[in-house]
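Read off the chains here:
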Amino acid sequence: FFSGCGSVSLCPMRANDVLRNYIFMSVVVSASYGTVTALLALASSQLEKQLAGIQGGVFFCCFTVSALGASPTVQRYGSKRVLSVGLFLLIGYALSFLLGIKITTVQWPAVIAGATIGGLAMGFVQCAQSVFFAESAHLYAQLRNKELTKTNNLFAAIFTAFFVGLDVVIKGLSTLLQRVSGRDLMFTMLTTIALAAAVAMVFVRKLQPEEHAEVLMAAGEDVEHMHLEGNEDTTAASNPTSGIGSNQELVSVSAKRLSSPFASVTSSAAPATADAEEDDIPLLLASGSVDGQLSDDDDVLLLEEVATAGAEAGDGPGFRSAG
């Protein structure tokens with residue numbers, strides 16, 4: 001969506017893609033935060049005094065509890081997925097106010113339930129947003145070959161600007177609509193903004209720092225276990241040497257810094273052997289051939305020459321056949 005590619009999953013993220021993706025995430029999450037802060041501010045004037053106090057206490061208690069336990073969930077499912085689910089749950093908080101205002105008989109249970117759901121969701125969203133920030137800043141710093149401290153400052157400033165700006169805008173619109181059209185339209189607008197933010201979060205691209213090793217290699221950074229998406233040769237598993245000379249696109253890359261004349265590349269489809277070591281095998285892999293002109297024997301000779309040169313340069317072990 002942000003890269004201009006027909007298929008996002010097959011398009012690598014460049015530095016500008018990471019920045020645009022983060023800016024869009026900042027707008028979306030800040031809009032959702034803006035609805036929450038506006039509702040908390042409006043509760044004292046739009047709800048019964050006792051109900052307003054209780055729902056605020058329930059919200060922040062649930063917020064604290066969920067924030068304390070959110071880290072394992074974010075680690076397991078990823079920051080983007082947790083953000084998406086959390087923003088959808090925050091719709092319930094805005095919807096509870098709208099429902100409580102329109103149907104006064106269910107105001108108490110609706111608002112308390114909404115505060116519970118909203119508070120629990122907010123803790124996960126806050127944690128996931130922080131992780132997404134750290135991942136984006138780290139990847140952008142790698143791609144731009146910049147200091148991480150400067151990138152953190154830039155990304156923090158971006159999020160803060162959108163958070164404060166949208167908070168002011170949403171609260172201003174709420175006050176204006178309340179005076180012009182009444183509170184029903186005001187709560188409808190806040191619910192609509194929360195819904196739009198949750199839907200927009202779906203279009204935020206999931207960060208895959210390992211998806212494009214070549215870009216990070218060009219930046220001179222160490223990359224571990226990178227995965228280039230493509231079509232895996234299904235015959236590789238049955239033939240230990242099928243990774244050589246085959247039309248294989250899916251590889252596992254462990255790149256060294258630019259000071260090293262070679263990159264270590266091992267076929268992800270080749271099975272592990274009993275005497276396999278953790279050291280990478282230096283070789284050059286160009287989708288099974290060089291410009292599609294080399295035969296299997298030529299590939300083997302080329303790989304042996306590269307491995308020999310790498311060994312002479314002191315860059316690691318020579319080429320070892322998978323057989």
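## Observations regarding the overall build of the chain
Turning to step 1, where the next piece is worked out: Counting its secondary structure elements, the chain contains nine helices and three strands.
Turning to step 2, where the next piece is worked out: Along its sequence from the N terminus, the chain presents helices and strands in the succession α-α-α-α-α-α-α-α-β-β-β-α.
Turning to step 3, where the next piece is worked out: Looking at the chain as a whole, 41% of its 323 residues are labelled buried.
Turning to step 4, where the next piece is worked out: A fraction of 71% describes how many contacts in the chain between residues 6 or more apart in sequence connect residues 24 or more apart.
Turning to step 5, where the next piece is worked out: Taken as a whole, the chain presents about 16300 Å² of accessible surface, with 60% of it coming from carbon and sulfur.

## Digging into the pattern of salt bridges
Turning to step 1, where the next piece is worked out: For the structure shown, the criterion picks out three salt bridges.
Turning to step 2, where the next piece is worked out: The shortest N-O distance in the salt bridge between Lys171 and Asp167 comes to 3.5 Å. Of this pair, Lys171 and Asp167 both sit in helix 6 (residues 148–181), separated by four residues, roughly a single helical turn.
Turning to step 3, where the next piece is worked out: Residue class for Lys171 comes out partly exposed when judged on its relative accessible area of 33%.

## Some words on the packing of aromatic side chains
Turning to step 1, where the next piece is worked out: Taken as a whole and judged by the stated rule, the model has 11 aromatic pairs.
Turning to step 2, where the next piece is worked out: Where Tyr33 meets Phe159, the ring centres are 6.3 Å apart and the plane angle is 80°; that geometry is what we call edge-to-face. Note that Tyr33 is positioned in helix 1 (residues 15–46) and Phe159 in helix 6, a separation of 126 residues in sequence.
Turning to step 3, where the next piece is worked out: Classification of Tyr33 by relative accessible area gives buried; the value is 2%.
Turning to step 4, where the next piece is worked out: A relative accessible area of 10% places Phe159 in the buried class.
Turning to step 5, where the next piece is worked out: An angle of 25° between the planes, with centres 5.8 Å apart, marks the rings of Phe97 and Phe187 as stacked. In this pair, Phe97 is assigned in helix 4 (residues 79–102) and Phe187 in helix 7 (residues 183–201), connecting sequence segments 90 residues apart.

## Focus: the environment of Gln46
Turning to step 1, where the next piece is worked out: The topology assignment puts Gln46 in helix 1.
Turning to step 2, where the next piece is worked out: Put simply, Gln46 and Ile101 are 55 residues apart on the chain and 8.2 Å apart in space, counted from C-alpha to C-alpha.
Turning to step 3, where the next piece is worked out: Those residues in contact with Gln46 that lie beyond four places of it in its chain are Ile101, Gln178, Arg183, Met186 and Phe187.

## A short note on the packing of helix 3 (residues 70–77) against helix 5 (residues 107–144)
Turning to step 1, where the next piece is worked out: For the pair helix 3 and helix 5, interaxial distance at closest approach is 9 Å and the crossing angle is 55°. When the axis of helix 3 is compared with that of helix 5, the two are oblique. Considering the relative orientation of helix 3 and helix 5, their crossing is right-handed. Between helix 3, through Ala70, Ser71, Thr73 and Val74, and helix 5, the contact on the second element is made entirely by Gly123, Phe124, Cys127, Ala128 and Val131.
Turning to step 2, where the next piece is worked out: Its residues assigned to classes, the contact of helix 3 with helix 5 shows six nonpolar, three polar and no charged.

## Some remarks on helix 2 (residues 49–68)
Turning to step 1, where the next piece is worked out: Over its 20 residues, helix 2 extends 29 Å from the first C-alpha to the last, a length consistent with the 28 Å expected when each residue adds 1.5 Å.
Turning to step 2, where the next piece is worked out: Taken together, the buried residues of helix 2 touch helix 1, helix 3, helix 4 and helix 5.

## Quick notes on the state of the cysteines
Turning to step 1, where the next piece is worked out: Per the counting criterion, the structure on display carries zero disulfides.
Turning to step 2, where the next piece is worked out: Summary of cysteine pairing: Cys61 is not part of a disulfide, and the nearest cysteine sulfur, belonging to Cys62, is at 6.9 Å.

## Overview of a nonpolar patch on the surface
Turning to step 1, where the next piece is worked out: Together, Phe88, Leu195, Val199, Val202 and Phe203 give the surface a local cluster of nonpolar side chains, amounting to about 430 Å² of exposed area.
Turning to step 2, where the next piece is worked out: Tracing the sequence through the fold places Val199 in helix 7.
Turning to step 3, where the next piece is worked out: For Val199, a relative accessible area of 38% corresponds to the partly exposed category.

## Looking at the nonpolar core
Turning to step 1, where the next piece is worked out: Val29 and Phe187 are the most contacted members of the largest nonpolar core, which has 61 residues in total.
Turning to step 2, where the next piece is worked out: Not counting chain neighbours up to four residues away, the residues in contact with Val29 comprise Leu83, Leu87, Val125, Gln129, Phe159 and Met201.

## Here we look at the environment of Ala94
Turning to step 1, where the next piece is worked out: If you trace the backbone, Ala94 turns up in helix 4.
Turning to step 2, where the next piece is worked out: Take Ala94: its relative accessible area is 1%, and that puts it in the buried class.
Turning to step 3, where the next piece is worked out: Sequence spacing of Ala94 and Val111 is 17 residues, and the spatial spacing of their C-alpha atoms is 9.1 Å.
Turning to step 4, where the next piece is worked out: Leaving out residues up to four positions away in the same chain, Ala94 has contacts with Leu39, Leu190, Thr191 and Ala194.

## As for the packing of helix 1 against helix 4
Turning to step 1, where the next piece is worked out: Two elements in contact, helix 1 and helix 4, have axes whose closest approach is 11 Å; the angle formed by their N-to-C orientations is 25°. It follows from the interaxial angle that helix 1 and helix 4 lie roughly parallel. You can see that helix 1 and helix 4 cross each other, and the crossing is left-handed. Together, Met25, Val28, Val29, Ser32, Val36, Leu39, Leu40, Ala43 and Gln46 of helix 1 and Leu83, Leu87, Leu90, Tyr93, Ala94, Phe97 and Ile101 of helix 4 make up the contact between the two elements.
Turning to step 2, where the next piece is worked out: A per-class count over the contact of helix 1 with helix 4 returns 14 nonpolar, two polar and no charged.

## Some points on the confidence of the model for the chain
The predicted coordinates ought not to be read in detail in places where the model reports low pLDDT.
Turning to step 1, where the next piece is worked out: When pLDDT is averaged along the chain, the result is 75, and 61% of the positions lie at 70 or above.
Turning to step 2, where the next piece is worked out: Under a pLDDT of 50 for its full length, residues 6–10 has, in the predicted model, four contacts with residues more than four places off or in other chains.
Turning to step 3, where the next piece is worked out: Here residues 298–303 is a poorly scored stretch, pLDDT under 50, and it has 12 contacts once near neighbours within four places are set aside; other chains count.

Definitions and limits used
- Residues numbered from 1 in each chain as written.
- Predicted model: local features only at pLDDT ≥ 70, side-chain atom pairs only at ≥ 80, totals over all residues.
- Heavy atoms only, no water.
- Helix = DSSP H or I, 4+ residues; strand = E, 2+ residues; numbered from the N terminus.
- Buried < 20%, exposed > 50% of the residue type's maximum accessible area, 1.4 Å probe, protein only.
- Contact = heavy atoms within 4.5 Å.
- Areas by Shrake-Rupley, 256 points an atom, 1.4 Å probe, with all protein chains shown as cover.
- Salt bridge = Lys/Arg side-chain N within 4 Å of Asp/Glu carboxyl O.
- Phe/Tyr/Trp six-rings, centres within 6.5 Å; stacked < 30°, edge-to-face > 60°.
- Axes fitted to C-alpha atoms, helices over the stretch in contact; angles between N-to-C directions.
- Parallel < 35°, antiparallel > 145°, perpendicular 65-115°, else oblique.
- Left-handed = near helix turned anticlockwise from the far one by under 90°.
- Nonpolar A, V, L, I, M, F, W, Y, C, P; charged D, E, K, R; others polar.
- Expected span 1.5 Å × (residues − 1).
- Disulfide = S-S within 2.5 Å.
- Patch = residues over 30% accessible without salt bridge, like charges linked within 9 Å, V, L, I, M, F, W, Y side chains within 5 Å.
- Core = buried A, V, L, I, M, F, W, Y, C linked by side-chain atoms within 4.5 Å.
- pLDDT = per-residue confidence, 0-100.

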